[in-house]
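# Examining the three-dimensional arrangement
Next come the chains, spelled out residue by residue.
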Amino acid sequence: AEPLVLRPKVQPVPLAGEKLYFGSMNDYVINYTKQYMASHNRTLHTVRDRSTKRFSLIDNILTKHNIPKELKYLAVIESALNHNAVSPVGAVGPWQFMESTARLMGLTVNAKRDDRKDWYKSTNAAAKYLNYLYGQLDDWLLVVAAYNSGPTPVQRAIRRTGSKSFWDIRKYLPKETQGHVLAFIATASIFEKLHSYIGNAIPGDFKFYQDD
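It should be emphasised that the depicted structure is a prediction, and the values quoted were computed from it without experimental measurement.

### Side note on helix α3 (residues 41-64)
At S51, α3 shows its strongest bend, of approximately 60°. Looking only at α3, the buried set comprises N41, L44, V47, R48, S51, R54, F55, I58, D59, I61 and L62. Summarising the contacts, the buried residues of α3 are in contact with α2 (26-39), α4 (73-79), α6 (119-137) and α10 (175-193). N66 sits one or two positions beyond α3 and adopts a positive phi of about 65°.

Listed below in structure tokens is the structure:
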């Protein structure tokens, strides 16, 4: 049996409306989330239908690895929960692993078998990779950035700015990575706070945060 390791408390995943985390960027994040929902409603609706089958498996695996369940929304923006998804650069599966990273995380990728398409195996590998990135970065938005670009550009931006805030390092990250992090925040916020409105318009009086 593996020795029991007591891990430090993991930070929660910030959602739109959490002023303590986002500070002066809070209104920007809320507006981005509203616009994202309006422009991606059809895809979000499709994903919600798929999610009934997939989220419980992902939740169980993430919990086992001490990762917040909200990280399941990374698979939503990576692949729209399509296990056969293939990106233009060759990333495969619901978690969009490149071959090299997949093998590093213990997946088999060869002519006969590609574990990246296997929900159970690829989600376990994703959880291992997310834990590895969190161990380096200690902030989930930076983890999402590193998941997209690889850890090196994120570490470089941190060194350049002396900050571990996504908003401070954002302009030094690849454009695609900047968009990826914002899409993650929006998607997680929509599924957690606006789930019942997916496929419809958000009511004008909806509040993302509790009044102080």
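### Some words on the packing of α3 against α6
Running from amino to carboxyl end, α3 crosses α6 at an angle of 40°, the nearest separation of the two axes being 9 Å. Accordingly, the angle class assigned to the pair α3 and α6 is oblique. Helix-helix and strand crossings are classified by hand; for α3 and α6 the assignment is right-handed. Between α3 and α6, the residues in contact are R54, L57, I58, I61, L62 and K64 and W119, Y120, T123, N124 and A127, respectively. Looking at the contact of α3 with α6 residue by residue, the class counts come to seven nonpolar, two polar and two charged.

Analysis parameters
Residues numbered from 1 in each chain as written. Predicted model: local features only at pLDDT ≥ 70, side-chain atom pairs only at ≥ 80, totals over all residues. Heavy atoms only, no water. Bend = angle between axes of the 7 residues up to and from the residue. Helix = DSSP H or I, 4+ residues; strand = E, 2+ residues; numbered from the N terminus. Buried < 20%, exposed > 50% of the residue type's maximum accessible area, 1.4 Å probe, protein only. Contact = heavy atoms within 4.5 Å. Axes fitted to C-alpha atoms, helices over the stretch in contact; angles between N-to-C directions. Parallel < 35°, antiparallel > 145°, perpendicular 65-115°, else oblique. Left-handed = near helix turned anticlockwise from the far one by under 90°. Nonpolar A, V, L, I, M, F, W, Y, C, P; charged D, E, K, R; others polar.

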